[in-house]
Amino acid sequence: MKTVGTLMSRNLRLFFRDRMGVFFSLLSALILFLLYTLFLGSNQIDNLQQSFPAATREDVKGFVDTWMFAGIVGITSITTGLGALNVFVEDSSSGRFRDFLVSPIRRETLIVGYLLSAAVVALIMTTVVLIISLAYLYVVDGVSFDAGAIAAVYGFLALSCVAFAALSAFAVSFVRSAGAYSALSTIVGTILGFLAGAYIPVGALPEGVRTAVSALPFMQAALPIRQEMTADSLQALTSGQPEAATELQETFGITAAVGDWAVTNTYVVFILAAMIVVFTLLAAVQIRRRIG
């Protein structure tokens, strides 16, 4: 365990030392924030204001902002684990693996060090973004959350961080150069907002695309976070109208269905836990092959 801790500490220092790497790991979340702050937010608020004329603009803005920040923290939990694995790619492309192979470090220990450091980076960065999001919502919109809601959101985010760190480790285990890693990061950062239903509400997508997005873990992982963070603001916006609340939940990806099957939070927990086990094992096998 001491060796694993040392490797994790080394990987964490290398990641946070690279300020541009830290910035690009947050780029998708930053793009989403800027899109809604500068462009899309006003349109969403105006459209909802027309649909709910009895609601105040503050209530409408509170709902849009809580939905937006739920997407931001959800995306952060996915992208930062991938960003942390830049250390693995650099070690591979620079030949440092050969140094590790002649040291007394066991291969299993080395693999665990990479996987855990990616998960820890994701958790640290997501925690920071969550705190900033909660502070913004409280100061700007007057929206606050009780301890139970925050604990539930953090629990789902922590599970998401570990699951997508494992998925990222498996994907990066096939990458052999910094250029290929940059291309992968760019592709993921570009399409993730759409796959998670964050850039555009899923209700605005064609039926077939909506079903496909709802079947992916990126969208599913965001559901419990959106449900917790938008619960009060949705109630304030719809004034307790069940039909209106249900329609908004479907439109904004707060709930999701694949055909006639509704995606439940229990299923989300199961799929994220399964991702942790499956992709950790697959990544470990592939990384072990890579390092000899």
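Everything numeric here is computed off the predicted structure, so don't read it as measured data.

Reading the values: rules and limits
Residues numbered from 1 in each chain as written. Predicted model: local features only at pLDDT ≥ 70, side-chain atom pairs only at ≥ 80, totals over all residues. Heavy atoms only, no water. Helix = DSSP H or I, 4+ residues; strand = E, 2+ residues; numbered from the N terminus. Rg over C-alpha atoms; globule rule 2.2 N^0.38 Å. Buried < 20%, exposed > 50% of the residue type's maximum accessible area, 1.4 Å probe, protein only. Contact = heavy atoms within 4.5 Å. Areas by Shrake-Rupley, 256 points an atom, 1.4 Å probe, with all protein chains shown as cover. Lys, Arg positive; Asp, Glu negative; His and termini not counted. Charge placed at Lys NZ, Arg CZ, Asp CG, Glu CD. Polar contact = N/O pair within 3.5 Å; in protein donor to acceptor, adjacent residues only side chain to side chain. Phe/Tyr/Trp six-rings, centres within 6.5 Å; stacked < 30°, edge-to-face > 60°. Core = buried A, V, L, I, M, F, W, Y, C linked by side-chain atoms within 4.5 Å.

Novice: When you look at the overall build of the protein chain in this model, what are you seeing that I'm missing?
Specialist: Helices and strands together make up the secondary structure of the protein chain, namely 13 helices and two strands. Radius of gyration (C-alpha) of the protein chain: 20 Å, near the 19 Å computed for a compact globule of 292 residues. Principal axes of the C-alpha set define a box for the protein chain whose edges measure 70 × 40 × 35 Å. Expressed as a percentage of its 292 residues, the buried residues of the protein chain come to 46%. Summarising the internal contacts of the protein chain: among those between residues at least 6 apart in sequence, 80% fall at separations of at least 24. When the accessible surface of the protein chain is split by element, carbon and sulfur atoms take 66% of a total near 13,700 Å². Distance between charge centroids for the protein chain: 23 Å, based on 17 positive and 18 negative side chains.

Novice: When you look at the side chain of Thr79 in this model, what are you seeing that I'm missing?
Specialist: With respect to the helices and strands, the residue Thr79 is situated in helix α4 (residues 57-84). A polar contact of 2.8 Å, which involves the side chain of Thr79, links it to the backbone oxygen of Ser25.

Novice: Please clarify how the packing of aromatic side chains should be interpreted in this entry.
Specialist: Here the distance between the centres and the angle between the planes together describe a pair of aromatic rings. By the definition in use, this model includes 13 aromatic pairs. Seen in terms of ring centroids, Trp67 and Phe252 are 5.2 Å apart; in terms of plane orientation they differ by 80 degrees. Their pairing is edge-to-face. Taken together, the residues span a long stretch of sequence, with Trp67 in helix α4 and Phe252 in the loop between α12 (242-251) and β1 (257-258) at a distance of 185 residues. Exposure remark for Trp67: the relative accessible area of 2% places this residue in the buried category. Phe252 sits in the buried class, given a relative accessible area of 3%. An aromatic cluster is built from Tyr36, Phe63, Trp67 and Phe252, whose rings are joined through pairwise contacts.

Novice: Would you explain the nonpolar core in this entry?
Specialist: Note that soluble globular proteins tend to have their nonpolar side chains buried in a common cluster. Of all hydrophobic cores here, the largest spans 54 residues; its most connected members are Leu48, Phe63, Ile225, Met229 and Leu237. Listed by contribution, the elements that provide at least two residues to this core are α3 (27-51), α4, α7 (107-141), α8 (147-172), α11 (217-238), α12 and α13 (265-290). The dominant element in this core, judged by the number of residues it contributes, is α4, at 11 residues. Those residues in contact with Phe63 that sit more than four places away from it in its chain are Leu48, Thr230, Ser233, Leu234, Leu237, Phe252 and Ile254. Counting residues in each nonpolar core, the second largest holds 25 residues, with Val22, Phe88, Leu115 and Val172 among its members.

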